[in-house]
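What follows is each chain in one-letter form.
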Amino acid sequence: MKLLVYGAGILGSLFAARLYEAGHDVALLARGERLAALRRHGVQLAEGDSPAVRRVPVPVVDRPVGGYDLIAVFVRTHQVDAVLESLAGLEGDVLFLHNWAAGPEPLGAVIGHERVLLGFGMAGGTMDGHVVRYRATNFMTRRLAMPIGEPNGRTTPRLERIVRTFRTTGINAKPEPKMDAWLKTHAAFEVPLGQAVHTAGGPVALANDPDAVRNMLRLMRQNLAAMPTPPTPRGFAALRTLPEGLLVATLRRFLRSPTAVHSGLSDASPATAAELARLAEQIRAYTKVR
């Protein structure tokens, strides 16, 4: 299988490196300074705060040239429109692995509905210059499988092939029959979380403000209650049913954890704010929350 990883941020770089090291025919698409750094040094990886940096010589390109069996897209929500335009004239399946609550229809309308698959990358980390400092695995993160699904919920041969490909790299991928609902549920949770962290100045700062955490939880509950479909996975229903005090304490503990600190939650860039704004528009359109 010939693969293109579209987007050389944290997740794209990490996934491309793992695919390359597993022996797959993969290229990583990047632009600007990131492209120049990758051509000079390859993908640079470090676990957490470790001073040890590993370099992986993943081939890089500055545009999709075609001939790919699968294109895995790792970009921010507000960047998807530009990506779609560049993929419209190509062939091959396209797996969108990012925050997205607008459903598969606007994606398929541009590139062809038969090409679209949905998913979500479960790894995390931060960028230190051009070094990807990825989150160390622990008991909790090892149990979190990366969901991938067909828009119609079926388990198809191509879905099984893609899941097997990711598993050869050590990525714990799994088929998800309700992938669109999964992404919308995640957005209902992610938008209040991301915006609260962004306003507070980081996950630890938010954890130190119990009133802000409580308001964030209430927005999550409002979103989930307004969804016309049940939460997916079903565990998210606990945000609506468990006592508020217990949930506030649990969320504050999570926000102080290494899992939260060494994740994209710590990214206070304008791009993060733009992504959250676009994702908020999508979830409002779905839930009709005003």
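Attention here is on the structure that accompanies the text.

What counts, and at which threshold
Residues numbered from 1 in each chain as written. Predicted model: local features only at pLDDT ≥ 70, side-chain atom pairs only at ≥ 80, totals over all residues. Heavy atoms only, no water. Axes fitted to C-alpha atoms, helices over the stretch in contact; angles between N-to-C directions. Helix = DSSP H or I, 4+ residues; strand = E, 2+ residues; numbered from the N terminus. Parallel < 35°, antiparallel > 145°, perpendicular 65-115°, else oblique. Left-handed = near helix turned anticlockwise from the far one by under 90°. Contact = heavy atoms within 4.5 Å. Nonpolar A, V, L, I, M, F, W, Y, C, P; charged D, E, K, R; others polar. Pairing = 2+ DSSP bridges. Salt bridge = Lys/Arg side-chain N within 4 Å of Asp/Glu carboxyl O. Buried < 20%, exposed > 50% of the residue type's maximum accessible area, 1.4 Å probe, protein only. Right-handed = clockwise from strand over helix to strand, strands pointing away. Lys, Arg positive; Asp, Glu negative; His and termini not counted. Polar contact = N/O pair within 3.5 Å; in protein donor to acceptor, adjacent residues only side chain to side chain.

1. Focus on the packing of helix 9 (residues 210-226) against helix 11 (residues 244-256)
Phase 1: It is at 10 Å that the axes of helix 9 and helix 11 come closest, and there the two elements cross at 110°. Regarding the angle of helix 9 to helix 11, the classification is roughly perpendicular. In this structure, the crossing between helix 9 and helix 11 has a hand that is right-handed. Packed against helix 9, whose contacting residues are P210, V213, R214, M216, L217, R218 and R221, the element helix 11 presents E244, L247, V248, L251, R252 and L255 at the interface.
Phase 2: Taken together, the residues of the contact of helix 9 with helix 11 sort by class into 8 nonpolar, no polar and 5 charged.

2. Overview of unusual backbone geometry
Phase 1: A cis geometry characterises the amide bond from T232 onward to P233, with omega recorded as 0°.
Phase 2: Here P233 lies in the loop between helix 9 and helix 10 (238-241).

3. Here's the deal with the sheet that holds strand 4 (residues 54-56)
Phase 1: Within the open sheet, the 4 strands sit side by side as 4-3-10-9. Their pairing is mixed. In this open sheet, the two edge strands, each paired with only one partner strand, are strand 4 and strand 9 (125-128). For this sheet the average axis-to-axis angle between neighbouring strands, irrespective of direction, equals 30°.
Phase 2: Bridge analysis of strand 9 against strand 10 (residues 131-134) gives 4 bridges, and the strand direction is antiparallel. Note that in strand 10 the partner of G125 across the bridge is Y134.
Phase 3: The sheet contacts of helix 2 (residues 32-41) involve strand 3 (43-47), strand 4, strand 9 and strand 10, and relative to strand 3 the element is tilted by about 85°.

4. Brief notes about the pattern of salt bridges
When charged atoms on two side chains of opposite charge get close, those side chains can pair.
Phase 1: Within this structure, the stated rule accounts for 11 salt bridges.
Phase 2: Of the charged contacts, one joins E21 and R54 as a salt bridge, the two residues approaching to 2.4 Å between their closest N and O atoms. Here R54 lies in strand 4 and E21 lies in helix 1 (residues 10-21), a separation of 33 residues in the sequence.
Phase 3: For E21, a relative accessible area of 46% translates into the label partly exposed.
Phase 4: A single salt-bridge network, built from bridges that share partners, covers D211, R214, R218 and E244.

5. Remarks on the pairing of strand 6 (residues 70-73)
The side chains of a regular strand alternate between both faces of the sheet.
Phase 1: Here strand 6 shows two buried faces, one formed by L70 and A72 and the other by I71 and V73.
Phase 2: Where strand 1 (residues 2-6) meets strand 6, 4 bridges bridge the pair, whose relative direction is parallel. Bridge pairing links Y6 to V73 in strand 6.
Phase 3: Inspection of the sheet shows strand 6 paired to strand 7 (residues 93-97) by 4 bridges, in the parallel sense. Counterpart to A72 in the pairing with strand 7 is L95.
Phase 4: Crossover connection from strand 6 via helix 3 (residues 80-87) to parallel strand 7: handedness right-handed.

6. Things to note about the pairing of strand 2 (residues 25-29)
Phase 1: Buried residues dominate strand 2, accounting for 4 of its 5 residues.
Phase 2: Sheet topology note: the strand 1/strand 2 ladder contains 5 bridges and is parallel. From the neighbouring strand, Y6 faces strand 2, where its bridge partner is L29.
Phase 3: Considered for its hand, the β-α-β crossover made up of strand 1, helix 1 and strand 2 is right-handed.
Phase 4: Sheet topology places strand 2 next to strand 5 (residues 60-61); 2 bridges connect them, and they run parallel. In the strand pairing of strand 5, L29 is matched with V61.

7. Some remarks on the packing of helix 7 (residues 179-200) against helix 9
Phase 1: Here helix 7 crosses helix 9 at 155°, and the two axes come no closer than 9 Å. On the basis of their axis angle, the class for helix 7 and helix 9 is roughly antiparallel. Considering only the axes of helix 7 and helix 9, their crossing is right-handed. Within the contact between the two elements, helix 7 uses T185, A188, F189, P192, L193 and A196 and helix 9 uses M216, L219, M220, N223 and L224.
Phase 2: By residue class, the composition of the contact of helix 7 with helix 9 is 9 nonpolar, 2 polar and no charged.

8. Some details on the side chain of R135
Phase 1: Position of R135 relative to the elements: it lies in the loop between strand 10 and helix 5 (139-143).
Phase 2: This buried residue, R135, is left without a salt bridge; E190 holds the nearest opposite charge, at 9.9 Å.
Phase 3: A polar atom in the side chain of R135 sits 2.9 Å from the backbone oxygen of M122.

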